[in-house]
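So the chains spell out like this:
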Amino acid sequence: MKILHIACLACTLWLTGCATTGPSQDSAAGTTPASPTGTPAAAPHTPVIPNGPLRPITAAQAASGEVASLSTPADLWDRIRRGFAMPDLQHELVQDREQWYATRPDYMQRMTERSSKYLFHIVEELERRGMPTELALLPYIESAFNPQAVSHAKAAGMWQFMPATGSYFDLKQNAFRDDRRDVLASTRAALDYLQKLHGMFGDWHLALAAYNWGEGSVGRAIARNQKQGLGTSYTDLSMPAETRMYVPKLQAVKNIVANPEAFRTELPLIENHPYFQTVDITHDIDVALVATLAGIRQEDFRALNPSFHRPVILAAGTPQILLPWDNAKVFQRNLEARREGQYASWTVWSVPSTMTVAEAAQRAGMSEHDLRSVNNIPPRMLIKAGSALMVPRSSAVRQDVSPQLADNGQIAFAPEIVTRRTTVRARKGETVASIARRYKLSAASVADWNDVRANAAFKLGQEVVMYLPVRQATQARGTVARAAPAKRSAPPARRGGTPSKKRR
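Residues numbered from 1 in each chain as written. Predicted model: local features only at pLDDT ≥ 70, side-chain atom pairs only at ≥ 80, totals over all residues. Heavy atoms only, no water.

A. Highlighting the overall build of the protein. The number of helices and strands found in the protein is 23 helices and 11 strands. Considering only contacts in the protein between residues 6 or more positions apart, those separated by 24 or more positions represent 67%. Taken as a whole, the protein presents about 28400 Å² of accessible surface, with 53% of it coming from carbon and sulfur. (Helix = DSSP H or I, 4+ residues; strand = E, 2+ residues; numbered from the N terminus. Contact = heavy atoms within 4.5 Å. Areas by Shrake-Rupley, 256 points an atom, 1.4 Å probe, with all protein chains shown as cover.)

B. The arrangement of the packing of aromatic side chains in detail. One pass over the structure, following the stated rule, counts 11 aromatic pairs. Their ring planes at 5° and their centres at 6.3 Å tell us that Tyr 118 and Phe 145 sit as a pair that is stacked. One end of the pair, Tyr 118, is in the loop between helix H6 (105-115) and helix H7 (119-129); the other, Phe 145, is in the loop between helix H8 (138-142) and helix H9 (163-168), with 27 residues separating them in the sequence. Taken individually, Tyr 118 and Phe 145 each receive the classification buried, so the pair is uniform in this respect. Between the aromatic rings of Phe 169 and Tyr 193, the centroid separation amounts to 5.0 Å while the plane-to-plane angle is 45°, which identifies the pairing as tilted. Taken together, the residues span a long stretch of sequence, with Phe 169 in the loop between H9 and helix H10 (183-201) and Tyr 193 in helix H10 at a distance of 24 residues. (Phe/Tyr/Trp six-rings, centres within 6.5 Å; stacked < 30°, edge-to-face > 60°. Buried < 20%, exposed > 50% of the residue type's maximum accessible area, 1.4 Å probe, protein only.)

C. The arrangement of the confidence of the model for the protein in detail. Overall, the prediction assigns the protein a mean pLDDT of 85, with 79% of residues at 70 or greater. Every residue in residues 13-45 is under pLDDT 50, and counting partners more than four places away or in other chains gives 13 contacts. In the predicted structure, residues 478-504 sits below a pLDDT of 50 and forms 49 contacts with residues beyond four places in sequence or in another chain. (pLDDT = per-residue confidence, 0-100.)

D. Inspection of the pattern of salt bridges at higher detail. This model, assessed by the stated rule, comprises 21 salt bridges. As a salt-bridge pair, Arg 181 and Asp 178 come within 3.2 Å of each other at their nearest N and O atoms. The partner of Lys 196 in a salt bridge is Glu 215, with the nearest N and O atoms 2.9 Å apart. Of this pair, Lys 196 sits in helix H10 while Glu 215 sits in helix H12 (residues 215-227), placing them 19 residues apart in sequence. With a relative accessible area of 30%, Lys 196 lands in the partly exposed category. Relative accessible area serves as the criterion here: at 26%, Glu 215 is assigned to the partly exposed category. A cluster of three or more residues bridged by salt bridges with shared partners is formed by Arg 79, Glu 124 and Glu 127. (Salt bridge = Lys/Arg side-chain N within 4 Å of Asp/Glu carboxyl O.)

E. Here's a closer look at the environment of Asp 286. Along the polypeptide, Asp 286 turns up in strand S2 (residues 285-286). The class for Asp 286 is buried, based on a relative accessible area of 13%. Linking Asp 286 and Ile 313, residues 27 residues apart in sequence, is a C-alpha distance of 6.0 Å. In contact with Asp 286, not counting residues within four places along its chain, are Pro 311, Val 312, Tyr 343, Ala 344, Ser 345 and Trp 346.

F. Molecular detail of H7. Among the 11 residues that make up H7, eight are buried, leaving the element largely enclosed by the rest of the structure. Every buried residue of H7 is listed here: Leu 119, Phe 120, His 121, Ile 122, Val 123, Glu 125, Leu 126 and Arg 129. Buried residues along H7 sit in contact with helix H4 (76-82), H6, H8, H10 and strand S1 (276-280). Two residues or fewer past H7, Gly 130 is found with a positive phi of approximately 70°.

G. Focus on the side chain of Thr 133. With respect to the element layout, Thr 133 can be found in the loop between H7 and H8. One polar contact links the side chain of Thr 133 to the main-chain carbonyl oxygen of Gly 83, over a distance of 3.0 Å. Not counting the four nearest positions on each side in its chain, Thr 133 is found in contact with Ile 80, Gly 83, Phe 84, Leu 126 and Glu 127. (Polar contact = N/O pair within 3.5 Å; in protein donor to acceptor, adjacent residues only side chain to side chain.)

H. View of helix H22 (residues 443-450). The buried fraction of H22 amounts to six of the eight residues, a majority that puts the element mostly inside the structure. Phi for Asp 451, located one or two positions after H22, is positive at around 55°.

I. Expanded view of the packing of helix H15 (residues 287-294) against helix H17 (residues 325-337). Two elements in contact, H15 and H17, have axes separated by 7 Å at closest approach and are oriented at 110°. One element, H15, and the other, H17, form an angle in the roughly perpendicular class. Across from Val 290, Leu 293 and Ala 294 in H15, the residues of H17 making contact are Asn 327, Val 330, Phe 331, Asn 334 and Leu 335. Looking at side-chain class alone, the contact of H15 with H17 contains six nonpolar, two polar and no charged residues. (Axes fitted to C-alpha atoms, helices over the stretch in contact; angles between N-to-C directions. Parallel < 35°, antiparallel > 145°, perpendicular 65-115°, else oblique. Nonpolar A, V, L, I, M, F, W, Y, C, P; charged D, E, K, R; others polar.)

J. Inspection of unusual backbone geometry at higher detail. Backbone geometry at Asn 376 places phi at a positive 55°, although glycine is not the residue there. As for its placement among the helices and strands, Asn 376 is situated in the loop between helix H19 (368-375) and strand S6 (381-383). With a phi close to 55°, Lys 440 is a non-glycine residue in the positive phi region. When you line up the elements, Lys 440 lands in the loop between helix H21 (432-438) and H22. Residue classification places Lys 440 among the exposed residues on the basis of a relative accessible area of 78%.

This is the structure we're talking about:
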């Protein structure tokens with residue numbers, strides 16, 4: 001019986017093969033035959049037969065993407081090498097930078113190890129856009145892959161965006177986060193910008209020069225050379241020293257990655273798989289709590305989420321965070337198991353009026369030192385009305401920070417006026433009101449400081465106590481009888497009365 005069953009199965013397979021061996025009438029007529037389910041079946045594969053003898057492909061053809069490799073990249077470096085597509089820059093400055101990097105193995109090691117957290121994502125984005133993978137090496141030149149890097153010109157992040165350029169590419173910069181440092185947002189913006197520049201100039205070397213120097217500067221340099229009948233390639237243009245070295249630096253790093261043995265350099269292993277995973281955030285939550293639930297150090301969390309300014313993540317402004325691949329599931333499991341207590345111990349308070357730091361701290365129920373520390377408030381500054389301050393969140397507060405505040409909250413400051421106690425001599429017939437007008441002060445304050453009535457008059461030469469801004473006190477030195485050291489404390493209260501309410 002078993003033999004009969006096998007024979008029947010073999011016969012069925014043979015008949016099926018006979019039915020599909022030759023072309024059908026539909027395929028002969030140029031149409032795609034239908035499958036038994038009624039959907040069009042896949043068209044038969046037509047092999048491409050070369051006209052002449054077979055020739056081996058060149059290395060350039062293999063790297064161009066026209067030929068697919070049958071082997072999986074051994075590591076991320078191998079994957080990057082396979083995507084090299086920019087023309088090599090042949091210049092003596094390239095050899096100079098190769099030597100510079102090759103003689104600093106410790107620097108190269110720190111830089112490449114730091115990049116291991118971010119490179120996979122950048123390469124994925126470049127390949128998705130069909131861009132040369134050399135561009136994944138650009139943050140080595142910009143910031144040594146340090147997302148907290150800030151240049152002397154205030155460019156920030158591993159892609160080094162200036163504030164205005166960051167805003168143009170929708171990188172939020174507010175009191176709570178700076179997306180110029182965000183791994184996903186800054187990479188998206190940088191690749192958008194590089195694609196835009198390549199579209200403008202049609203040349204990757206010129207696009208890179210524009211990324212460093214500005215598209216307007218490169219455009220004007222090209223126009224000058226065209227007017228003088230000169231070449232317009234990267235090496236032909238007159239440009240600042242930093243831009244002149246920019247592409248040679250990238251080319252040098254590319255050459256070292258392409259052949260590290262030739263430069264006696266060892267690249268750390270970076271495996272060809274994601275380092276991090278995105279995790280959704282639905283409630284405001286403390287950074288410390290995220291790290292605890294994920295089982296990682298806060299330093300490791302901030303390395304992947306370097307855009308956060310404050311100790312809390314505002315879900316309305318940042319609905320996703322990055323966590324190491326293996327820790328993302330740990331975090332989600334522990335978050336779901338958490339049933340008690342608040343997620344966030346901080347919230348945002350919009351300051352109703354301009355006030356001193358001490359007054360704001362008192363209203364927020366925290367020390368002046370802590371308020372300054374958590375909000376990065378510099379000394380000798382007043383907090384302007386409308387500023388968004390991070391303050392403790394009481395257990396009674398149930399509502400998370402609004403999207404408007406989370407996305408647009410800013411802190412603005414005004415210089416605190418420093419006054420100096422001084423005395424001036426009254427002129428003939430001078431009164432409290434006339435002296436107040438002369439120094440643009442209120443008559444009530446002058447009367448309070450001198451313990452007289454607001455309508456009182458002074459005798460000729462009588463010393464009148466004044467609290468003047470430091471610069472104004474200096475300018476009035478000709479009328480000053482004596483001056484005490486500058487003070488930042490309030491003027492003394494009237495004897496037996498309440499403290500003066502005058503803000504300096």
